[in-house]
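Here are the chains, one letter per residue:
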Amino acid sequence: MDVKIHESWKAHLDGEFEKPYFKELAAFVKGEYVKKKIYPPPAGIFRAFELCPFENVKVVILGQDPYHGPQQANGLCFSVSGGIDLPPSLQNIFKEIQSDMGGGLRSDGSLDDWARQGVLLLNATLTVEAGKAGSHQRKGWEQFTDAVIRAVSEHNEHVVFLLWGRYAQEKGAVIDEGKHLVLKAAHPSPLSAYNGFFGCKHFSKANEYLEWHGKESIQWSV
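Residues numbered from 1 in each chain as written. Predicted model: local features only at pLDDT ≥ 70, side-chain atom pairs only at ≥ 80, totals over all residues. Heavy atoms only, no water.

1. Side note on the overall build of the chain
When you go through the chain residue by residue, the secondary structure sums to 8 helices and 6 strands. If you list the helices and strands of the chain from N to C, you get α-α-β-α-β-α-α-β-β-α-β-α-β-α. Against the 2.2 N^0.38 benchmark of 17 Å for 222 residues, the chain shows a C-alpha radius of gyration of 17 Å, consistent with a compact globule. Expressed as lengths along the three principal axes of its C-alpha atoms, the size of the chain is roughly 45 × 35 × 25 Å. (Helix = DSSP H or I, 4+ residues; strand = E, 2+ residues; numbered from the N terminus. Rg over C-alpha atoms; globule rule 2.2 N^0.38 Å.)

Quick look at the structure:
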C-alpha cells in the first residue's frame, strides 16, 4: 500500500510505517482491494490527514469503522459525500448541532468543511469490506490510529477530543487530559443518542474552549 499522507503527518508517523505490524497491515489491505470490494476507494484511505494537516488540528472526532454501504465512505468519520443520503448517526449529529448552536439543519453530509477548519475526523479502522462492518478490525489499523492520537496529544496544545460511545472513550485513554479538553457522551446512533448524546452541547463547549485558548472556533452549522 502506497502511504500517501500529508507531509505534516510524516514527521510524526514515519516510524509507524516501518514497523512490522504496519507492513503486515499494508499487505493485507492491498490484497483485500484486489480480491474484494473495499471502502473507501484507495485514494480516500488517508483523506482525513490530507484535509487536516497536523499543525491545524484543533478538534478530533473519533469514529470506529468507515461506512460499509455503496458510495458512503469518503475517508472522514461520520461523513458522506454530497448527494448521498444522510446515515442515521450523522442526522443525529446535525440535530444536536442545530439544538446547541442554532442555525439551519444541515442536509449535505460532506464534512470536508469541518476538516479544512481543523477537525480531524478519524476512524479507528480506515478500511472495511463492503457490507461487513468491522471486517478490518484487529488487523493493525487500531495500533496505527492510536499512534495518531498519541502524536496529536503529545505535540499539539489545547485540542478538543470528542469521544462518543464506549469504544471511542476507551480509545481515548492515550490522551493527556491535563493539556487538552476531552468531552464524552453517548454515541449518536439511534440506539443510544437519547442516552446522553442529545443535549451534550459538545459543539458549543468545543468552541468556547478554543476561543478561550486564542484559537478560531469551528463553524459547525450551515
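2. Some words on the sheet that holds strand E5 (residues 160-164)
The strand order E3-E2-E5-E6 describes an open sheet built from 4 strands, whose pairing is parallel. Looking at which strands have only one partner, the edges of the open sheet turn out to be strand E3 (119-123) and strand E6 (181-185). Sheet twist, expressed as the mean angle between neighbouring strand axes with direction ignored, is 20 degrees. Relative to E6, E5 runs parallel, the two being bridged by 5 bridges. Each bridged residue has a counterpart across the sheet, and for Leu163 the counterpart in E6 is Lys184. Here helix H6 (residues 141-155) sits on the sheet and contacts strand E2 (59-63), E3 and E5; the angle it forms with E3, its principal contact strand, is near 155 degrees. (Pairing = 2+ DSSP bridges. Axes fitted to C-alpha atoms, helices over the stretch in contact; angles between N-to-C directions. Contact = heavy atoms within 4.5 Å.)

3. Some details on the packing of aromatic side chains
Per the stated rule, a full pass over the model turns up 20 aromatic pairs. Consider the rings of Phe22 and Phe144, whose centres lie 5.4 Å apart with planes at 55 degrees: the pair is tilted. With a gap of 122 residues between them, Phe22 in helix H2 (residues 20-35) and Phe144 in helix H6 connect regions that are remote in the sequence. No difference in accessibility class separates Phe22 from Phe144, as the two residues are buried. Centroid distance Phe203 to Trp220: 5.0 Å. Interplanar angle 70 degrees. Geometry classified as edge-to-face. With Phe203 in helix H8 (residues 202-212) and Trp220 in the segment after H8, this residue pair connects regions lying 17 residues apart in the sequence. With respect to burial, Phe203 and Trp220 carry one shared label: buried. Stacked on the ring of Phe28, the Lys or Arg Lys139 has its end atom at 5.0 Å from the ring centre. (Phe/Tyr/Trp six-rings, centres within 6.5 Å; stacked < 30°, edge-to-face > 60°. Buried < 20%, exposed > 50% of the residue type's maximum accessible area, 1.4 Å probe, protein only. Lys NZ or Arg CZ within 6 Å of the ring centre and 35° of its normal.)

4. Describing the nonpolar core
Core analysis: the biggest nonpolar cluster contains 70 residues, and Trp9, Phe46, Ile61, Ile93, Trp114, Phe144 and Trp220 have the highest contact counts within it. For this core, the element with the highest residue contribution is H6, accounting for 7 residues. For Ile93, the residues in contact, after removing those within four places along its chain, are Phe78, Trp114, Trp164, Pro188, Phe197 and Phe203. (Core = buried A, V, L, I, M, F, W, Y, C linked by side-chain atoms within 4.5 Å.)

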